[in-house]
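Architecture and fold: a report
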Amino acid sequence: MEEILVTRSSMPGYEEYIEEIRELWDSHWLTNMGKKHRELEQKLSSYLGVEHVSLFSNGHMALELLLQAMNLTGEVITTPFTFVSTTHAIVRNGLVPVFCDIRPDDYTIDAEKIESLITEKTSAILPVHVYGSICDVEAIGAVAKKHHLKVIYDAAHAFGTEYKGRGVAAFGDASMFSFHATKVFHTIEGGAVCFNGEQDGLTEDLYGLKNFGIRNEEVVDAVGANSKMNEFQAAMGLCNLRHIAEETEKRARVAARYREHLTGVSGIKLSPVQKDVRPNYAYFPVVFDEKLFGCGRDEICEMLKRHGIFTRKYFYPLTSSFECYRNRYDASATPVASETSRRVLTLPMYADLTEEDVDRICGLILQAKR
Ligand code: T4K
């Protein structure tokens, strides 16, 4: 039987992509903010309902350079229940991550716990719309306003989600999306910073920082990196964007099938269907309670592997527990995040996952219940 991996990149038709890149052979313009790059920025701005879109070679560099462009100092309040990129982006900017716990229902930062972590050194809050679940943007906005802090969302998982009819990039000072091959919308590798309004030349600063800090041929006024999206990546994005509605619809059907099987099973907790949110069905996390279910997350993960089904423990361990951060942070300070990290398994989720596959995966899980 064919292996099932946790996700599988969506592909546009082969001919469609070839057609999209044909003109690159005529123009010989392959990178450095070319025509496809500009077209994708424009189309994403309209799709995401946000004024400014700045493309990058990947989501991580988008976040890292966004933090640099924001001129942050001191401490940044964030969550350890995320991909390690979020924490690295803070630390690689010479900033100190201060870890806040998460909510037990949707695993996003617990806004009620932010205020007690604010010190005179805090300059920003960096919450994560983890799995595509939307953070409590209103409460986070209120605490940030009260303490004059920037809010930068790691929206790597949240492409296309809406809250109260607005694209999720409308919240906070800026948001970063990942367009990695494993995401709902991808450009092979890629990412973007999105924001509304004019923010002290942020557009120009981001443009400069992804291009070595070059302002013009004779002026380099920032210590930038090279993080430009190339024309082949942008072409993949233009193709994938045409199919995004259909992709999301297929994912919605996969999620609904999982829910049919797993809702109400004792010892299994599913993410809530969030109120006022149009979801993107990026991931399907399941949290196991070993006492109630009769066996734990690790056992389920291994059992599924033996059947050729490769789930992932996103996000275990917590970023604060990784080798490079060990002994610097106390994981017991975020007990909900620690507990969730030990129990969560993300099940296979992608547009072409069949109903039969979902039935088989769920059948195996339910058979393991004791
Ligand atoms: N912030 C957050 C919250 C993030 O989750 C991420 C990335 C970032 C920031 C940084 O964004 P990027 O710089 O990556 O744009 C994957 C992804 O590489 C990573 O983008 C993602 N988050 C993270 C959660 O997952 P791995 O190490 O688990 O990927 P890998 O190679 O094991 O792939 C997982 C599965 O995806 C494979 O089993 C099969 C499938 N796959 C993978 C690749 C590479 C495909 O179908 N096609 C492919 O080309 O990190």
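Refer to the preceding data block for the structure.
Below: a short report on this structure.

Overview of the packing of aromatic side chains
- According to the stated counting rule, one finds 19 aromatic pairs in the structure shown.
- A centroid spacing of 5.3 Å and a plane angle of 65° characterise the contact between Phe288 and Phe293, whose relative ring orientation is edge-to-face. Across the pair, Phe293 and Phe288 agree in class, each one buried.
- What links up through ring pairs into an aromatic cluster is the set Phe81, Tyr107, Tyr131, Tyr283, Tyr314 and Phe315.
- The ring of Phe171 is capped by Arg166, whose NZ or CZ atom sits 5.0 Å from the centre of that ring.

Some words on the site of the ligand
- Around the ligand there are 27 residues in total, and Asp154, His157, Ser178, Arg312 and Tyr314 lie nearest to it.
- Between the ligand and Asp154 there is a distance of 2.7 Å, counted from a nitrogen atom to a side-chain nitrogen or oxygen.
- Between an oxygen atom of the ligand and a side-chain N or O atom of Ser178, the distance comes to 2.7 Å.
- Considered on its own, the ligand offers 920 Å² of accessible surface; in the complex 75% of this is hidden by protein.
- Taken together, the elements giving at least two residues each to the shell around the ligand come down to α3 (59-69), α4 (84-91) and β8 (174-178).
- Its residues placed into classes, the shell around the ligand shows 10 nonpolar, 13 polar and 4 charged.

Comments concerning the sheet that holds strand β7 (residues 166-167)
- Ordered in space as β7-β6-β13, the 3 strands form an open sheet in which the pairing is antiparallel. Each having just a single partner strand, β7 and β13 (277-278) make up the two edges of the open sheet.
- The pairing of strand β6 (residues 162-163) with β13 spans 2 bridges and is classified as antiparallel. Along β13, the bridge assignment pairs Tyr163 with Val277.

Some words on the sheet that holds strand β12 (residues 268-270)
- Here we have 3 strands laid out as an open sheet, ordered β12-β14-β15, and antiparallel in their pairing. Because the sheet does not close on itself, it has two edges, and the strands there are β12 and β15 (344-347). Strand-to-strand twist in this sheet, taken as the mean axis angle between neighbours without regard to direction, amounts to 30°.
- Judged from the 4 bridges that link them, strand β14 (residues 284-288) and β15 form a sheet pairing that is antiparallel. Bridge assignment links Pro285 to a residue of β15, and that residue is Thr346.

Some points on helix α12 (residues 355-367)
- An ideal rise of 1.5 Å per residue puts 18 Å on 13 residues; α12 measures up with 18 Å between its terminal C-alpha atoms.
- The set of residues buried in α12 consists of Val358, Ile361, Cys362, Leu364 and Ile365. When α12 is viewed along its axis, its buried side chains cluster within an angular range of 155° and face the same direction. Across α12 from its buried face, at more than 90 degrees, point the exposed residues Glu356 and Gln367.

Comments concerning the state of the cysteines
- Taken as a whole, this structure holds 0 disulfides when the rule is applied.
- In this structure Cys100 is not part of a disulfide, and its nearest cysteine sulfur, from Cys135, lies 11 Å away.
- Owing to a relative accessible area of 4%, Cys135 belongs among the buried residues under this scheme.

Thoughts on the pairing of β14
- Taking burial as the measure, the 5 residues of β14 include 5 buried ones, the bulk of the element.
- Along β14, one buried face is formed by Phe284, Val286 and Phe288 and the opposite face, lined by Pro285 and Val287, is buried too.
- In this sheet, β14 lies alongside β12 in antiparallel orientation, the contact comprising 3 bridges. Paired with Leu270 across the strands is Val286, a residue of β14.

A short note on the nonpolar core
- By size, the foremost hydrophobic cluster in this structure holds 58 residues, and its most contacted members are Leu44, Phe81 and Ile114.
- Contributions of two or more residues to this core are made by α2 (35-48), β1 (52-56), α5 (137-146), β5 (150-154), β9 (191-195) and α7 (231-242).
- The biggest single contributor to this core is α5, with 4 residues.
- Counting only domains with at least three residues in this core, you end up with domain 1 (14-100 + 107-242) and domain 2 (244-368).
- With residues near it in sequence (within four places) discarded, Ile114 still touches Ile77, Cys100, Ile109, Ile125, Ile140 and Val143.
- Counting 29 residues, the second-largest nonpolar core is a separate cluster that includes Tyr258, Ile300, Met303 and Ile365.

Describing the packing of α2 against α7
- At a minimum axis distance of 8 Å, the contact between α2 and α7 shows a crossing angle of 35°. Remark: the crossing between α2 and α7 carries left-handed chirality. For the pair formed by α2 and α7, the contact residues are Lys35, Lys36, His37, Glu39, Leu40, Lys43, Leu44 and Tyr47 on the first element and Glu231, Ala234, Ala235, Gly237, Leu238 and Leu241 on the second.

A closer look at the packing of helix α8 (residues 244-262) against α12
- The geometry of α8 relative to α12 is characterised by a closest axis approach of 10 Å and an angle of 30° between their N-to-C directions. Here α12 runs roughly parallel to α8, going by the angle between their axes. Here the hand of the crossing between α8 and α12 comes out right-handed. Touching Val254, Arg257, Tyr258, His261 and Leu262 of α8 are Glu355, Val358, Asp359, Ile361, Cys362 and Leu366, all from α12.
- Broken down by class, the residue content of the contact of α8 with α12 amounts to 7 nonpolar, 1 polar and 3 charged.

The rules behind each value
- Residues numbered from 1 in each chain as written.
- Predicted model: local features only at pLDDT ≥ 70, side-chain atom pairs only at ≥ 80, totals over all residues.
- Heavy atoms only, no water.
- Phe/Tyr/Trp six-rings, centres within 6.5 Å; stacked < 30°, edge-to-face > 60°.
- Buried < 20%, exposed > 50% of the residue type's maximum accessible area, 1.4 Å probe, protein only.
- Lys NZ or Arg CZ within 6 Å of the ring centre and 35° of its normal.
- Near = heavy atom within 4 Å.
- Polar contact = N/O pair within 3.5 Å; in protein donor to acceptor, adjacent residues only side chain to side chain.
- Areas by Shrake-Rupley, 256 points an atom, 1.4 Å probe, with all protein chains shown as cover.
- Helix = DSSP H or I, 4+ residues; strand = E, 2+ residues; numbered from the N terminus.
- Nonpolar A, V, L, I, M, F, W, Y, C, P; charged D, E, K, R; others polar.
- Pairing = 2+ DSSP bridges.
- Axes fitted to C-alpha atoms, helices over the stretch in contact; angles between N-to-C directions.
- Expected span 1.5 Å × (residues − 1).
- Arc of directions from axis to C-beta.
- Disulfide = S-S within 2.5 Å.
- Core = buried A, V, L, I, M, F, W, Y, C linked by side-chain atoms within 4.5 Å.
- Domains from an automatic or database assignment.
- Contact = heavy atoms within 4.5 Å.
- Left-handed = near helix turned anticlockwise from the far one by under 90°.
- Parallel < 35°, antiparallel > 145°, perpendicular 65-115°, else oblique.

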